[in-house]
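Structural overview
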Amino acid sequence: MTEFQQTGLAGYHCPRFQELPSIPLYKDQVVEELNRYLAPLHCGEITATMVNNYVKVKAIPPPEKKRYGRAQLAGLYLICLLKQVYSLGEITAMLRVAEEPEDFPARYDTFCAELEEVFRSVFTGQTPPQDGQALTVTRAAAYTLAYKLYALHLLRQAARRRAKALEQAEAASQRAKKEESKTGG
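Residues numbered from 1 in each chain as written. Predicted model: local features only at pLDDT ≥ 70, side-chain atom pairs only at ≥ 80, totals over all residues. Heavy atoms only, no water.

1. Structural notes on the confidence of the model for the protein chain
Within the protein chain, residue pLDDT values average 84, and 87% of them lie at 70 or more. Per-residue pLDDT stays below 50 along residues 1–6; that stretch engages in 14 contacts with residues further than four places along the chain or on separate chains. (pLDDT = per-residue confidence, 0-100. Contact = heavy atoms within 4.5 Å.)

If you want it as structure tokens, here you go:
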């Protein structure tokens, strides 16, 4: 098993539309649920203020009686993922691609499946498909996100290695000073 498989991203599961809570949620419940889905990705958290802003700019429909349904939760999840690499305007345009709202659950599930496939590919060191097939917008967005998260993962690893090396160097320096003071030098 490679180090990247151990991070869990190679096996990350995006919640499918039918796996999202079936009962409408209040904003604080939405935030909690989304942050639970996003935690393994280390791509930041969503806040209630962010949810308000996404509604305000019409990236997602407003809540009904202060509650958010599956479609809004799915839209917010996609926004949280895609904001890593796209502007909110670009994401809003992507979310509006379907002409009929009933197309959204299928498009959402397609994105989730594509993202999982891309994560498996990227985080196990495989290369993108070379079958001559043009990448769809969905697959291209998924690869963009996966490679961005992969790069951030590598940066976190490098920072941990640097911190460990500095810690070891500091400990060695302290030991040397202690030894020097014992020998009277």
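2. Considerations on the pattern of salt bridges
Following the criterion strictly, the structure yields 2 salt bridges and no others. With a closest N to O distance of 2.7 Å, Arg16 and Glu116 form a salt bridge. Of this pair, Arg16 sits in the loop between helix H1 (3–6) and strand E1 (25–26) while Glu116 sits in helix H6 (residues 104–123), placing them 100 residues apart in sequence. On the basis of relative accessibility, which here comes to 8%, the residue Glu116 falls in the buried class. (Salt bridge = Lys/Arg side-chain N within 4 Å of Asp/Glu carboxyl O. Helix = DSSP H or I, 4+ residues; strand = E, 2+ residues; numbered from the N terminus. Buried < 20%, exposed > 50% of the residue type's maximum accessible area, 1.4 Å probe, protein only.)

3. Quick word on the side chain of Glu114
Within the element layout of this structure, Glu114 appears in helix H6. For Glu114, a relative accessible area of 15% gives the class buried. Aside from chain neighbours lying at most four places away, what touches Glu114 is Thr138, Arg139 and Ala142.

4. Some thoughts on the packing of aromatic side chains
Inspection of every chain in the model, using the stated rule, returns 7 aromatic pairs. Seen in terms of ring centroids, Phe17 and Phe104 are 6.4 Å apart; in terms of plane orientation they differ by 85°. Their pairing is edge-to-face. Here Phe104 lies in helix H6 and Phe17 lies in the loop between H1 and E1, a separation of 87 residues in the sequence. With 6.2 Å between their ring centres and 65° between their planes, Tyr77 and Tyr108 make a pair best called edge-to-face. Here Tyr108 lies in helix H6 and Tyr77 lies in helix H4 (residues 70–82), a separation of 31 residues in the sequence. Tyr108 shares its class with Tyr77; the two are buried. Put simply, the rings of Phe17, Tyr37, Tyr77, Phe104 and Tyr108 pair up and form one aromatic cluster. (Phe/Tyr/Trp six-rings, centres within 6.5 Å; stacked < 30°, edge-to-face > 60°.)

5. Points about the state of the cysteines
What the rule picks out here adds up to 0 disulfides. Between Cys14, a free cysteine, and Cys112, which holds the nearest cysteine sulfur, the sulfur-to-sulfur gap is 4.3 Å. With no disulfide of its own, Cys43 lies closest to Cys80 among cysteine sulfurs, the gap being 7.2 Å. (Disulfide = S-S within 2.5 Å.)

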